[in-house]
Amino acid sequence: MSTGVENLAQLESRFFDEIQSVTSEDLLNRLKSQYLGKQGFISEILRNLGQMPPEERPKMGAGANLLKKKIEEECRTALEKIQNLKKEKKIREESVDTSLPGRGLAEGGLHPLTQTLQEVQKIFKEIGFSIFEGPEIETEYYNFEALNIAEDHPARDMQDTFYINVVAHRGHPESDTKQGRHSDLPLLRTHTSPVQAHVMKNHKPPIRMIAPGAVYRRDFDVSHTPMFHQVEGLVVDQDIQFSDLKGTLIYFLQSFFGENLKVRFRSSYFPFTEPSAEADIQCVICQGKGHKNDVPCRLCKTTGWLEVMGCGMVHPGVFEKAGYDSKKITGFAFGLGIERLTMLKRGIPDIRLFYQNDLRFLNPL
Ligand code: DAH
């Protein structure tokens, strides 16, 4: 064996020794250029071939090329190994520790207004009431006329009611009513009472219903928003009396606010009921005393009472408009505000808070 080829064997085993300690791409590149680069060992051998005895040249040349291939191959394998190790290390560092306790799902709750709506419906359903819905875009007829609300009633003023594109809708909006026809002037309903008229138009007595839903008025302050929610109630049959109204509403208010709650009925006026009343409950803050810890109660303004709903015996004119015989048929109606009930029950001081998307309103109770 010639010295040249022996040198090749030594070079090879030196390379394979050195590559064992290569742990990074940088070191690998350096080693590679030491052997295969332009100034590297292999190039040097090939450059020096010419100075060798001619009979040794082919063997030496072939040996050097073979070694070059082996080194290239080995460097490729080493590079792959280094890259794989790097990837595994990264995965290990970034991977999830499945033994850690989980963070848990953030639990949501129903909006307080939804909860109140559901509770009110549940209480009335349990005593035999059905649930009806009416349109939020109403006509002047259903919102006012069918309910005996006179044309000059302040509630019909443009300041309270959102009318819908009056001029585009018809040439002269008032003319139809004047001619004795129903006014179909569109508006956003200002209360849920028009559902009474829809239900009576489509059903014969006995009726025992509630109608929950959104209503709209041109108002905005601590106790008014342009959209809020009401629940209307209507009971129609023969021989319905004011005592039925009182019994039903006291039962409802005590179920909602608490068993021993005091309730009073104060005479009032609504165009669609006669007689009419406001139902008051004993103040939820001062428990009806007007003062709490010697401080005057601000919620009830020291009266000890809070107004919670309007009610009354259905006006004969409303029955007549519905096509009922007001001599045979009697009934009572009521209307309550869902926001107001919720504010009183939970001590929420400003109605606008309901609509500000504060996530705390959705925390589970
Ligand atoms: N619709 C009235 C309002 O929005 C509330 C109301 C009062 C409804 C008396 C009734 C009722 O059915 O009998 O202020």
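Focus: the environment of R264
Inspection of the secondary structure assignment puts R264 in strand 6 (residues 263-270). For R264, a relative accessible area of 30% puts it in the partly exposed group. It is 20 Å that separates the C-alpha atoms of R264 and L234, two residues lying 30 residues apart in sequence. Non-local contacts of R264, meaning those with residues more than four positions away in its chain, are made with E278, A279, D280 and W305.

Points about the pattern of salt bridges
Within the structure shown, the criterion is met by 13 salt bridges. K86 is paired through a salt bridge with E25; the nearest N and O atoms lie 3.8 Å apart. Here E25 lies in helix 2 (residues 25-36) and K86 lies in helix 4 (residues 57-94), a separation of 61 residues in the sequence. Look at E25 and you get partly exposed, because its relative accessible area is 27%. For the salt bridge of R76 with E73, the shortest nitrogen-to-oxygen distance reads 3.2 Å. Taken as a pair, R76 and E73 lie in helix 4 at a separation of three residues, close to a single helical turn. Owing to a relative accessible area of 51%, R76 belongs among the exposed residues under this scheme.

Quick word on the site of the ligand
Close contacts around the ligand come from 15 residues, with H191, S193, R217, Q230 and E232 the closest. F334 has a polar backbone atom sitting 3.3 Å from an oxygen atom of the ligand. Contact with the protein chains removes 88% of the 350 Å² of surface that the ligand exposes when unbound. Where the shell around the ligand is concerned, the elements lending two or more residues are strand 5 (227-237), strand 10 (305-314) and strand 11 (330-337).

Thoughts on the environment of E12
With respect to the helices, strands and loops of the structure, E12 is situated in helix 1 (residues 3-20). What makes E12 partly exposed here is its relative accessible area of 22%. Distance from E12 to F354, taken between C-alpha atoms, is 81 Å for residues 342 residues apart in sequence. Contact partners of E12, with chain neighbours within four places excluded, come to L67 and K70.

Things to note about the domain arrangement of the protein
What the domain assignment reports for the protein is domain 1 (8-94) and domain 2 (112-362). The centre of domain 1, based on its C-alpha atoms, is set 91 Å off from the matching centre of domain 2.

What about helix 4?
Look at helix 4: 55 Å from first C-alpha to last across 38 residues, which is about the 56 Å you get at 1.5 Å a residue. Turning to helix 4, its buried residues number three or more, namely M60, G61, A64, L67, I71, C75, A78 and I82.

Focus: the packing of helix 3 (residues 41-48) against helix 4
With their axes 10 Å apart at the nearest point, helix 3 and helix 4 run at an angle of 165 degrees to one another. As the angle between them shows, helix 3 and helix 4 are arranged roughly antiparallel. Here helix 3 and helix 4 pass one another in a crossing that is left-handed. Each of I42, I45 and L46 in helix 3 lies in contact with helix 4, whose residues at this interface are M60, G61, A64, N65, L67, K68 and I71. Taken together, the residues that form the contact of helix 3 with helix 4 break down as seven nonpolar, two polar and one charged.

A closer look at the packing of aromatic side chains
Here a ring pair, both rings aromatic, is described through the centre-centre distance and the interplanar angle of the planes. Evaluation of the coordinates by the stated rule reveals 16 aromatic pairs. Of the aromatic side chains, those joined through ring pairs into one cluster are F124, F129, F252, F256, F257, F332 and F334. For the cation-ring pair, K345 lies above F256, with the distance from its terminal atom to the ring centre recorded as 4.0 Å. In this structure, R352 packs its charged tip against the face of F220, placed 5.6 Å from the ring centre.

About the cut-offs
- Residues numbered from 1 in each chain as written.
- Predicted model: local features only at pLDDT ≥ 70, side-chain atom pairs only at ≥ 80, totals over all residues.
- Heavy atoms only, no water.
- Helix = DSSP H or I, 4+ residues; strand = E, 2+ residues; numbered from the N terminus.
- Buried < 20%, exposed > 50% of the residue type's maximum accessible area, 1.4 Å probe, protein only.
- Contact = heavy atoms within 4.5 Å.
- Salt bridge = Lys/Arg side-chain N within 4 Å of Asp/Glu carboxyl O.
- Near = heavy atom within 4 Å.
- Polar contact = N/O pair within 3.5 Å; in protein donor to acceptor, adjacent residues only side chain to side chain.
- Areas by Shrake-Rupley, 256 points an atom, 1.4 Å probe, with all protein chains shown as cover.
- Domains from an automatic or database assignment.
- Expected span 1.5 Å × (residues − 1).
- Axes fitted to C-alpha atoms, helices over the stretch in contact; angles between N-to-C directions.
- Parallel < 35°, antiparallel > 145°, perpendicular 65-115°, else oblique.
- Left-handed = near helix turned anticlockwise from the far one by under 90°.
- Nonpolar A, V, L, I, M, F, W, Y, C, P; charged D, E, K, R; others polar.
- Phe/Tyr/Trp six-rings, centres within 6.5 Å; stacked < 30°, edge-to-face > 60°.
- Lys NZ or Arg CZ within 6 Å of the ring centre and 35° of its normal.

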